[in-house]
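Structural characterization, general
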Amino acid sequence: MVDKLSKDQRDVGESNYYNAVGSYYDVNRRDFLRGVVAAGAAGGAGVGAAYFGYGKVNDPVRVAVIGTGDEGNVLIGGCNPEYVDVKAICDIRPFSQHRAFHGDWSSSSALKRRPGLISVAGYKDEAEARRNVKVYDGSNGGIMECLDHPDIEAVIIALPLWLHAPVAALAMERGLHVLTEKLMAHNVAQCKVMARMAGELKDKDGNPIHLATGHQRHYNVKYENAVNLIRWGLLGQLHHIRAQWHRGNLPGGDSWSMPIPGGEMIGSERFDRIAKDIEYRKRALKETRDPDEQVRLKNEIALWEAWDADKNVDPKKFGYTDFSVGDKLFTAAEELHRWRLFQRTGAGLMAELGSHQLDAVSIYLSSLRDDGKKVHPLTVHAVGGRHIMPLDREVGDHVYCMFEFPGPEYAPSFDVGYYDRVENYPKSKKVKGGYEQIDPVAGYETDPNKKVVVTYSSINGNGFGGWGEVVMGSKGTLVMDKETDVYLYRGSDTKSKAGVAKKAGGYALDTSASGDYAAPVAQAASSGPVSRGYQEEIEHWAYCIRNPDPENRPRCYPAVAMGDAVIALGTNVALKRANRGESGFMKFEEEWFDVDSDATPDDSDIAAETKFMKKPVA
């Protein structure tokens, strides 16, 4: 998102951001940031509790992690042992089980994201870890036996999308709390069934079930700070948000199209990428004398050999099937290992990527509502398709969307940063030294012209710009880059440093104001690796389980998560219309977002999905 910003402009934006955060807390929560730093929580485990208002738990929640692939292992990395005790894992793939214990040695960055249970829980080795963590797979009853494990209270679900709803439903029927990866479910009816079950069922102690969904931006400190600055009025009236997730994936190099264990036929020959990678690493290990390199290669070889062992798993025993798209035949192994590429098991770019960023958009816009509810879009215009990839998938590789969201109302006390004397807009009265606004700036409910247009693109082929959001207001611009870096500018001025000044109508960025003396404290409170929210969402979920007061609930509770699913899956319907040569326009109906209504945008049926979700899974 910072592709057009020089290093100097980024430095200016970062300085403005920390100045603003320091000023905000000095005015609104004095000494909060100093308390975070003094407690030694900067960038560490305590920062989430401080920012999001939860405390420690005396008894860690006993959990099973069901699905330990890419995202499941990221979530294992977020399992703080002070909040959750992983008693079991469940996955049919040796590769996933290996990473669950040892971490992901495919790269140094992957190992940071997926460190493995031995590291997270402090076990001496895999033998000790296995004495404390039961492993379920196809040989000992799998998911159903895992759900009946006598010592678990909750499950973390990170399975392929088509399995989220049935496993969550079966867990809740057993009185287990659930945290499921996003998207909440494969269709909107499933989301509604899950939400209703969570509202009706109780845990084993008679307390409400906590069903949370892993839209982790709700627990990202950088997003929390951004929301505070928006509410404080530093951006003024929001009128446009630009969001994108661009990836450099090309044919032959797509991270969603991983090698198939055991190899694939190329003409009359079988090509086994994983086996060749093992041979390469074994040769390199024989040749190197560097001790660090030896450690790395040994761990990589163990990881790749576990991956190769996936060839012994029969996907058809676990619900995966051979199928065809036109004249192209796909195997059950492809459906298992590349599930994101197919409609029956995944839901494409909007579910995997777009749902995160439209959730971020709703976080920004909902922050200006007084009722605390999630804002819903009014319409979407969508186009996209399989523009660059071969016929190795059903889902598209490019998505372009334009959403209309209802603009919020701005109270007279909220400084929007403009006044038209001729039109007397917003309506004001003359006072000594200027004008005082007396009427609010109307929102959509009063004036249907007041909308916020959001553009979103998710593409493969060229990763220029990466991912993030640009939030544009009448007084300022906020850039959120890759969930970790924030840049703030007065208006569209990317060259001038600004502090925060008290104006007649409120607070504003001001290039004549000196930097806030608390800015270094704000920066210190964000020092160290920036958490993307995985650990905090798990901690808060565990805290809510241990503290079952009505006011305690995860930030991404069912109505919020279902809203994200309606946006993503509804947009998929608009994309299908566009690809049939019809209009890619869709008007979002409010009843789709109502848990108690059976209406859905994707024609999914409550009764049919309820029946599907109650069946045992392999």
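1. Focus: the pairing of strand 4 (residues 154-157)
In strand 4, alternate side chains face the same way, and those of Ala 154 and Ile 156 on one face and Val 155 and Ile 157 on the other are all buried. Relative to strand 4, strand 1 (residues 61-66) runs parallel, the two sharing four bridges. The partner of Val 65 across the bridge, within strand 4, is Ile 156. Bridging between strand 4 and strand 5 (residues 177-181) involves four bridges; their strand directions are parallel. Within the sheet, the bridge partner assigned to Ala 154 lies in strand 5 and is His 177. Read from strand 4 through helix 10 (residues 164-173) to strand 5, the crossover connection turns out right-handed.

2. Overview of the packing of helix 5 (residues 94-102) against helix 14 (residues 291-308)
Between helix 5 and helix 14, whose axes approach to 7 Å, the crossing angle comes to 150 degrees. One element, helix 5, and the other, helix 14, form an angle in the roughly antiparallel class. Listed contacts from helix 14 to Pro 94, Phe 95, His 98 and Arg 99 of helix 5 are Ala 302, Leu 303, Ala 306 and Trp 307. The residue makeup of the contact of helix 5 with helix 14, split by class, is six nonpolar, one polar and one charged.

3. What about the layout of surface pockets?
Volume-wise, the second largest pocket comes out at about 1,000 Å³. Lining the second largest pocket are 42 residues, with Leu 368, Arg 369, Asp 370, Asp 371 and Pro 408 positioned closest to its centre. The residue inventory of the lining of the second largest pocket, partitioned by class, reads 19 nonpolar, nine polar and 14 charged.

4. Quick look at the packing of aromatic side chains
Each aromatic ring pair is specified by the distance between its two centres and by the angle formed by the two planes. Tallied over the full model, the rule gives 23 aromatic pairs. On the numbers, 5.9 Å between centres and 25 degrees between planes, the contact of Tyr 223 with Tyr 364 is stacked. Of the two residues, Tyr 223 sits in helix 12 (residues 221-232) while Tyr 364 sits in helix 16 (residues 348-366), which places them 141 residues apart along the sequence. The residues Tyr 223 and Tyr 364 share a single accessibility class, namely buried. Through a chain of ring-to-ring contacts, the aromatic side chains of Tyr 24, Tyr 25, Tyr 51, Phe 52, Tyr 219, Trp 232 and Tyr 507 assemble into a single cluster. Here the guanidinium or amino end of Arg 281 rests over the ring plane of Trp 304, the centre of that ring lying 3.9 Å away. In this structure, Arg 553 packs its charged tip against the face of Tyr 557, placed 3.6 Å from the ring centre.

5. Some words on the pairing of strand 13 (residues 398-406)
Residues in a regular strand point their side chains to alternate faces of the sheet. Inspection of the sheet shows strand 12 (residues 379-385) paired to strand 13 by seven bridges, in the antiparallel sense. Within strand 13, the residue paired with Ala 382 across the bridge is Cys 401.

6. A look at helix 20 (residues 606-613)
Along helix 20, the residues that are buried comprise Ile 606, Glu 609 and Met 613. Projection of helix 20 onto a plane perpendicular to its axis shows the buried side chains occupying an angular sector of 70 degrees, all on one side. Residues of helix 20 that are exposed and point over 90 degrees away from its buried face: Ala 607 and Lys 611. Packed against the buried residues of helix 20 are helix 10 and helix 11 (188-200).

Conventions adopted
- Every residue gets a number counted from 1 within its own chain, in the order that chain's sequence is written.
- With the structure being a predicted model, the display of local features is reserved for residues of pLDDT at least 70 and the display and counting of side-chain atom pairs for 80 or more, all residues being used for whole-chain, interface and lining totals.
- Calculation of side-chain values draws on the structure's entire complement of heavy atoms; hydrogens and water are dropped beforehand.
- For every residue, the accessible area obtained with a 1.4 Å probe (protein chains only) is divided by the maximum for its type, and the residue is called buried under 20%, exposed over 50%, and partly exposed between those limits.
- Only DSSP runs of H or I reaching four residues or more are called helices, and only runs of E reaching two or more are called strands; each is numbered from the N terminus.
- By definition, two strands form a pair when at least two bridges between them are found by DSSP.
- The handedness rule is simple: strands pointing away from the viewer, and a clockwise path from the first strand over the helix to the second, make the crossover right-handed.
- A fitted line through C-alpha atoms represents every axis, and for helices the fit uses only the stretch in contact; the resulting angles, taken between N-to-C directions, go from 0 to 180 degrees.
- By definition in this entry, angles of less than 35 degrees are roughly parallel, angles greater than 145 are roughly antiparallel, angles of 65 to 115 are roughly perpendicular, and the rest are oblique.
- Whether two residues touch is decided by their heavy atoms; if any such pair falls within 4.5 Å, the residues are in contact.
- In this classification, Asp, Glu, Lys and Arg are treated as charged, Ala, Val, Leu, Ile, Met, Phe, Trp, Tyr, Cys and Pro as nonpolar, and every other residue, Gly included, as polar.
- In this analysis, the protein atoms alone were mapped onto a 1 Å grid. Cavities are point sets where a 1.4 Å probe fits without being able to get out; pockets are open sets with protein on both sides within 12 Å along at least five of seven lines; lining residues have an atom within 4 Å of a point.
- Grid points are joined across faces, edges and corners, and a volume is the space filled by probe spheres set on the points.
- Think of it this way: a Phe, Tyr or Trp ring, Trp meaning its six-membered ring, pairs with another when their centres are within 6.5 Å, and the plane angle makes it stacked under 30 degrees, edge-to-face over 60, tilted otherwise.
- Distance and angle both matter: a charge sits over a ring if NZ of Lys or CZ of Arg is within 6 Å of the ring centre and within 35 degrees of the ring normal.
- Taken from the helix axis, the directions to the C-beta atoms give the arc we talk about.

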